[in-house]
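# What the coordinates show
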Amino acid sequence: MAGVNKVILLGNLGKDPEVRHLENGRAVANFSIATSETYKNKQGEKVTNTEWHNVVLWTPLAEIAEKYLNKGNQVYIEGKLTSRSYEDKEGVTRYITEVVGREMTLLGGPSRPEGATAAPAASQPNESSAAPTAAAPVEESNEIDDLPF
């Protein structure tokens, strides 16, 4: 039986995305998302726990993130959990766990200009795909439906 590796996050950006453009033309965006849960403890006090998640997006989602995401924006990310290691400047091996985003929906936030609307959902094909594409923007309509429900 095959396994499932799926992560769903709905949270706020901790800082603007850092976007790099690789020699082969691909873009990669890195940023962190804060997710919070609030509950009352045994003493009846409100307690909030915040978790920080490292997110990586590849072209075309990285380019969308670069254009539309800012610190504080709320975003919905679907992707997979990955772990990797690297050597820092001192030669110490470091380990990091990241969410590699495959779908993203921009939900807005405090830094969105007045009158601007959230961008549509975008999907990223598998990294092995030769021609990555993103969903085209969807025009919003102010027309009233004449459906009875």
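Here's what I pulled together on the structure shown here. (Residues numbered from 1 in each chain as written. Predicted model: local features only at pLDDT ≥ 70, side-chain atom pairs only at ≥ 80, totals over all residues. Heavy atoms only, no water.)

Below, the discussion takes up the overall build of the protein chain. What the protein chain contains, in helices and strands, is one helix and seven strands. The 149 residues of the protein chain split such that 29% are buried. Across the protein chain, the fraction of contacts at a sequence separation of at least 24, relative to all contacts at a separation of at least 6, is 55%. For the protein chain, the exposed surface amounts to about 10,600 Å²; the carbon and sulfur share of it is 49%. (Helix = DSSP H or I, 4+ residues; strand = E, 2+ residues; numbered from the N terminus. Buried < 20%, exposed > 50% of the residue type's maximum accessible area, 1.4 Å probe, protein only. Contact = heavy atoms within 4.5 Å. Areas by Shrake-Rupley, 256 points an atom, 1.4 Å probe, with all protein chains shown as cover.)

Here we come to helix H1 (residues 61–68). Since there are 3.6 residues in each turn of an α-helix, residues three or four apart along the chain are aligned in direction. If you check which residues of H1 are buried, you get Leu61, Ala62, Ile64 and Ala65. Buried residues along H1 cover an arc of 160° about the axis, so they all sit on one side. (Arc of directions from axis to C-beta.)

Further remarks concern the nonpolar core. The biggest cluster of nonpolar side chains holds 19 residues, and the ones touching the most others in it are Phe31, Val55, Leu57, Leu69, Val75, Ile77 and Met104. Leave out the neighbours within four places in its chain, and Phe31 touches Leu13, Lys15, Pro17, His53, Asn54, Val55, Leu57, Ala65, Leu69 and Ile77. (Core = buried A, V, L, I, M, F, W, Y, C linked by side-chain atoms within 4.5 Å.)

Across all of its chains, the model carries four salt bridges by this definition. Here Lys6 ties to Glu78 by a salt bridge, and the two come within 3.1 Å at their closest N and O atoms. Separated by 72 residues along the polypeptide, Lys6 in the segment before strand S1 (7–13) and Glu78 in strand S5 (residues 74–87) bring together distant segments of the chain. Its relative accessible area of 54% is what places Lys6 among the exposed residues. (Salt bridge = Lys/Arg side-chain N within 4 Å of Asp/Glu carboxyl O.)

Along the chain, the position of Thr35 falls in strand S3 (residues 27–40). For Thr35, the side chain forms a polar contact with the side chain of His53, separated by 2.7 Å. If we ignore the near neighbours within four places in the chain, the residues touching Thr35 are Leu9, Leu10, Gly11, Asn49, Thr50, Glu51 and His53. (Polar contact = N/O pair within 3.5 Å; in protein donor to acceptor, adjacent residues only side chain to side chain.)

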